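# Summary of structural features
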Amino acid sequence: MEMQNAFMAFPWAVVLILLPLAGALSCFLFPRICRTLGLITSFATVIAVVGLGWQLLEHGSYRHAIGGWGAPLGIELYADGLSLLMLATTGLVGFAISVYSTTYFKAAVAIKFWPIWMCLLAALNALFLSADIFNLYVTLELLGLSAVALTALTGSKEALNGAMRYLLATLLASLTYLLGVALLYHSFGSVDITLLAKQIQATSAVWAALGLIAVSLMLKTALFPLHFWLPPAHGSAPAPVSALLSALVIKASFYIFLRLWFTLFDPLIDNEAINTLLGLLGCAAILWGSIQALRQTRLKLLIAYSTVAQVGYLFLVFPLSASMGSVAWNGVAYLIISHALAKSAMFLSAGNLLFFGGHDRIADLDRVVQRLPLTAAAFALAGVSIMGIPPSGGFIGKWLLLEAAMSQSRWDLIVVMIIGGVLAAAYIFKVIGYTFSPAEVAHEAQPVSATMQWSALLLAIAAILLGFLYVPILTLLGISDIIIASGARL
Amino acid sequence: MNWNDWIPLLVLMSSLLPGLLIFSLAEENVQTRVMLNLFGALAKLALVGLMLWGVYHGHHYETRLPLLPNLDLVLRVGPLSLLFITLSTILWLVTTVYAIGYLEDSPHRSRFFGFFSLCVTATVGVALAGNLISFLLFYELLTLATYPLIIHRGTEEARQAGKIYLRYTISGGALLLIGTVWLYSLTGSLEFTPKGFLFNIGEQHYPALIGIFALLITGLGVKAALVPLHGWLPLAMIAPAPVSALLHAVAVVKAGAFGIIRVVYDVFGVEFSAGLGVLKPLAWLAAFTIIYGSLRALFQNDLKRRLAYSTISQVSYIALGVAIAGPIATIGGVVHLVHQGLMKITLFFCAGNLAETLGIHKISEMNGVGRRMPWTMAAFTIGAFGMIGAPPIAGFISKWYLGLGALNNDQNWVIFVLAGSSLLNAAYFLPILHRAWFMPLPESWPDEHHFGNKETAWALLLPPLVTAAMALAAGLLVTLPFSPLEWAKLISVREFYQP
Amino acid sequence: MNPANFYALIGIGLFSVGLLGLIINSHLLKKILAFNIMGSGVFLVLVALARRAENIPADPVPDAMVITGIVVAVSATALALTLMLRVVSETGHATLPDEVEK
């Protein structure tokens, strides 16, 4: 009983932020054992998430004032169902990628990878636990800078160019966001989300802030047409980094968008025009991203454009949440998690293929299904989730969005979602088809370690299994004390 | 623990688990692989037998797992599902034996049998699905599991065939998905109920329901090879013969036809569909497919292609039976599910034998083959006559009931379609038989393999003989309580006469 | 107009100038300078808007935010400059390639 109480009262939220920071520092100070330290930290983060989850299930949503200083002057941490799910996804995917990276990176690069990855993890955790918009700015910046540094890790020409473009885009976005924060603070004297939500009104300053913040987060999440930085960055980073970027980093800015949209800007969002605009951009992202993916000859670029398309699906929650709010909300939460699992599995598989054959040209994949069956299976299973074919987490998310769209007779969105699924099938099966055929010229093959193959495969299997787990996920999602205008609980 | 709730799931597992295990076997592990295959097939047969006995004694078997809010994954055993699942199980066993013989010394057998088992799992899932969402899940799984079998050989031609297959089936699946979501949002339910669950819907929704029907039938029609959605089937013949035999004559194509039966009987209800006016177009489409398939078959020289077009034609008998909307026609359509399966699989097995033993792929190469491979050609003859509709083979029974049902419902034009189709069937099968039995032997066969004194390997010879015998028995022994015909009658009674 | 709003407008002006510079210039160093100007603009807005009325003391919280912001901007600039130097040493140009590589 004592143990259980101690377990309950333990500040898991604070641990989630401090632990990776400590990990980063120790990886930097002890480069020889950085792999082990990183792996341990990553695993400990998963344990901490479990602890937090238990806490949330027992007590409902959780607030923690750091140092005892509450809002509006102090920094508060806030955890509810949505943040828990994001933290869990980060923890699990992060752990799988950590396992993968222990074998992927050679020592010289590993010394640089681990400390920065730990910083990224700290930034992600802090972001999902933040309760005020300025803290979100700080964590966004930390996230962006770590991500850029990781992208540039290999030092190749493409990687450096991609990283530079990414850096400029992310900094532009952060400053725009900060300007929005400035306007909000000036109007209401607080940066705490809950306090702001109580006082918010539709003045012109607030509209301006909404515009600035929305644009900045769209840029960070790579929503069409502000997606230009994503393919070069995700396509030329090392595979585990691409996995982190597509699966987790993008979701962080989207998470902020969701939070602020539905809590802070609630009185403003019934506007037809904005919802239509977001819907339109989402549809454009789905179509454009999928078509571009189909045209790629290199696997990692194909996967990167696939991410651009999938982000479009996420933004469809805004036009769909008007009535029947919680169905679309559940759908998008499901899509976030399954995309994180599936996309990271895909990038890790691509990493394996790159390692194996020394290249990632799709047409030359040379009977990979026979020589790297686990990797081929990982790619195929992840693809099933991305296509939204049952059984998979992607299907559940897609079904929920379709259901929401059908109930509002949004046939335009339905058609686009379905076409997106068909196009996804086209580019994924294109790759799978080539894995069965021999290449014209045989290539030298490097053996791929079992750790690398299995981490990719397990992530893909998780994406499929997610299709059967709607009950626990929706229960967790329901832990919240935010109720939006349409009566849906977030 | 209530065992009855888990039996359907166990039936699925009996092919899923061996399949997953087979994937991990090395190529050389022939013994283990054969053991796993046969064990899975026999276990499934045993479980199906158990369910048959159980249903006969009034037990209920249903597995429910939560899938989506308010929608469960349901596996339920009823007469229609038992019909399909028994057919699939018996034919899987037979085809496994055949495949083991056919693919001896071929590369990538572990991969092949792994996906083969996944296909059967998906087919069984389709048969057992208790609501439209579960059906959709396994239907799509079937697409995913059959694709690797089509491109198994890894050649450029196979890859192209696979690409076209996917274009059709993925698009079909998308249409099925839209129809399902639409239906769910309109009615809030997707459970398969005898006589359908739509009779309470207000009239203002009728246009929407017609749209839903069109979407569902089109989605299902892709796999059922209704014209003009049939384009993938002849190309898919590039797959090895066991694949063509089981999947394209029985499992994939039948899954589509089975889906059409389910949608018309257990979602819309036959009377309601007739009232909506959607059955007439379906009947025309089916009739057109019947004639078109037979016409195209006439002009094919490649044996498997001719059989493929014959399949396109024959499977539409099932759709026709459903669309004529009478109890007797229902019997004809449903029982043809079984009969066509038995006959067609025999024909494909024989085609595979000819290719494997003598290198024959074209009909023009078949001169006198009846004297070289008498047993194989005997089985082929039985299958062919069944297709034409000659008694006492099973095909005659289905055509008889279809014709009777059409007359009963004042749809006399169907008789002409049936008669025309029989004539065309005769036109493209009889010449083959004539060639095989009555033409002189050629100098040499294209690519002959010898099997000692036997005409071909046991594993290749027995399956067609068994299925041909079953086709004969299904026709001769129709009055026995467990014959497919009696079963079809039971299903029809449930749909039309029980409250 | 009151001084606070005047400085705020200048801040927004700086932000816009920086934004324009970021988009128009192709030389990386100019881009980095542009984004620094944008940063200064935002900080000016924050500080200027801290004075809500003439007779009450200015709000100290925005100062804290600006200090945090400056620290972040310095680290970001450091990263940007290092990255730019690496880009120059690898590619020989201080610009980004115009086409996204296929």
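Quantities reported herein were computed from a predicted structural model and do not represent experimental measurements.

## Overview of the overall build of chain C
Looking only at helices and strands, one finds three helices and zero strands in chain C. The order of helices and strands in chain C, counted from the N terminus, is α-α-α. Here the C-alpha coordinates of chain C stretch approximately 60 × 25 × 20 Å along the principal axes. For chain C, the proportion of its 102 residues judged to be buried stands at 36%. Summarising the internal contacts of chain C: among those between residues at least 6 apart in sequence, 62% fall at separations of at least 24. On chain C, roughly 5700 Å² of surface is accessible, and the fraction owed to carbon and sulfur atoms is 68%. Within chain C, the 7 negative side-chain charges are centred at a point lying 2 Å from the centre of the 6 positive side-chain charges.

## Let's talk about the pairing of strand E1 (residues 62-68) of chain B
Residues and elements named next belong to chain B. Sheet analysis places E1 next to strand E2 (residues 71-76), joined by six bridges and oriented antiparallel. Its bridge partner lying in E2, Leu68 is registered against Leu71. In this antiparallel pair of consecutive strands, E1 and E2, the connection spans two residues, and Asn70 shows a positive phi of 65 degrees.

## Brief notes about the interface of chain A and chain B
The interface is formed by 31 residues belonging to chain A together with 31 residues belonging to chain B. With both chains or domains summed, chain A and chain B bury close to 2900 Å², and 82% of this area falls on carbon and sulfur atoms. Together, Trp399, Phe429 and Phe436 of chain A form the three largest contributors to the area buried by chain A at its contact with chain B, with a combined 24%. Applying the counting rule to chain A against chain B returns zero salt bridges. Linking chain A with chain B are one residue pair in polar contact (both at pLDDT 80 or more), by the criterion used here. Within the residue set of the side of chain A that touches chain B, elements represented by two or more residues are helix H16 (368-371), helix H18 (393-407), helix H19 (411-436) and helix H21 (470-477) of chain A. No other element matches H19 of chain A, which puts ten residues into the side of chain A that touches chain B. Of the residues that constitute the side of chain A that touches chain B, the class distribution is 25 nonpolar, four polar and two charged.

## Observations regarding the environment of Leu209 of chain B
Residues and elements named next belong to chain B. By the element assignment, Leu209 lies in helix H7 (residues 206-223). Look at Leu209 and you get buried, because its relative accessible area is 0%. Contacts of Leu209, omitting those with residues within four sequence positions, involve Leu183, Leu186, Leu198, Ile201, Phe268, Phe272 and Leu276.

## Observations concerning the interface of chain A and chain C
Every contact between the two is made by 38 residues of chain A and, on the other side, 39 residues of chain C. The largest per-residue losses of area from chain A upon contact with chain C belong to Met164, Leu175 and Tyr185 of chain A, which jointly make up 18% of the total buried on that side. For the interface between chain A and chain C, the tally reads zero salt bridges. Counting every contact that joins chain A to chain C gives two residue pairs in polar contact (both at pLDDT 80 or more). Put simply, the parts of the chain that give the side of chain A that touches chain C at least two residues each are helix H6 (133-151), helix H7 (157-188), helix H10 (230-236), helix H12 (272-295) and helix H13 (299-315) of chain A. Per element, the largest residue contribution to the side of chain A that touches chain C is 19 residues, and it comes from H7 of chain A. Here the side of chain A that touches chain C is composed, by residue class, of 26 nonpolar, seven polar and five charged.

## Here's the deal with the arrangement of the chains
Interchain contacts are distributed over two pairs of chains, and the most extensive set of them lies between chains A and C. For chain B and chain C, which are not in contact, the least C-alpha distance works out to 24 Å.

Cut-off values and rules
Here the residue numbers are simple positions, counted from 1 along each chain's written sequence. To read the labels, note that chains go from A and ligands from 1, taken in the order they are written. Where totals are concerned, whole chains, interfaces and linings use all residues; where local detail is concerned, this predicted model gives features only for residues with pLDDT of at least 70, and gives and counts side-chain atom pairs only at 80 or more. Excluding hydrogens and water, the side-chain values take into account all heavy atoms of the structure. Elements are defined by DSSP. Helices are runs of H or I of four residues or more, strands are runs of E of two residues or more, and each kind is numbered from the N terminus. Exposure is judged per residue with a 1.4 Å probe applied to protein chains only, and the accessible area is read against the type maximum: over 50% gives exposed, under 20% gives buried, and values in between give partly exposed. Whether two residues are in contact is decided by their heavy atoms, any of which lying within 4.5 Å being enough. Only the protein chains shown count as cover for residues, and all accessible areas are computed by the Shrake-Rupley method using a 1.4 Å probe. For the purpose of counting charges, residues Lys and Arg are taken to be positive, whereas Asp and Glu are taken to be negative. His and the chain ends are not included. One atom stands in for each charge, and that atom is NZ of Lys, CZ of Arg, CG of Asp or CD of Glu. Strands are labelled as partners when DSSP assigns at least two bridges between them. Simply put, the buried area is the total loss of 1.4 Å probe accessible area from both parts when two parts are fitted together. Any carboxyl oxygen of Asp or Glu within 4 Å of a side-chain nitrogen of Lys or Arg constitutes a salt bridge here. Any pair of N or O atoms that falls within 3.5 Å is considered a polar contact. Within protein, one atom must be able to donate a hydrogen and the other to accept it, and sequence-neighbouring residues count only if both atoms are side-chain atoms. Amino acid classes used here: Ala, Val, Leu, Ile, Met, Phe, Trp, Tyr, Cys and Pro are nonpolar; Asp, Glu, Lys and Arg are charged; the rest, including Gly, are polar.

Honestly, it's all geometry; don't read function into it.
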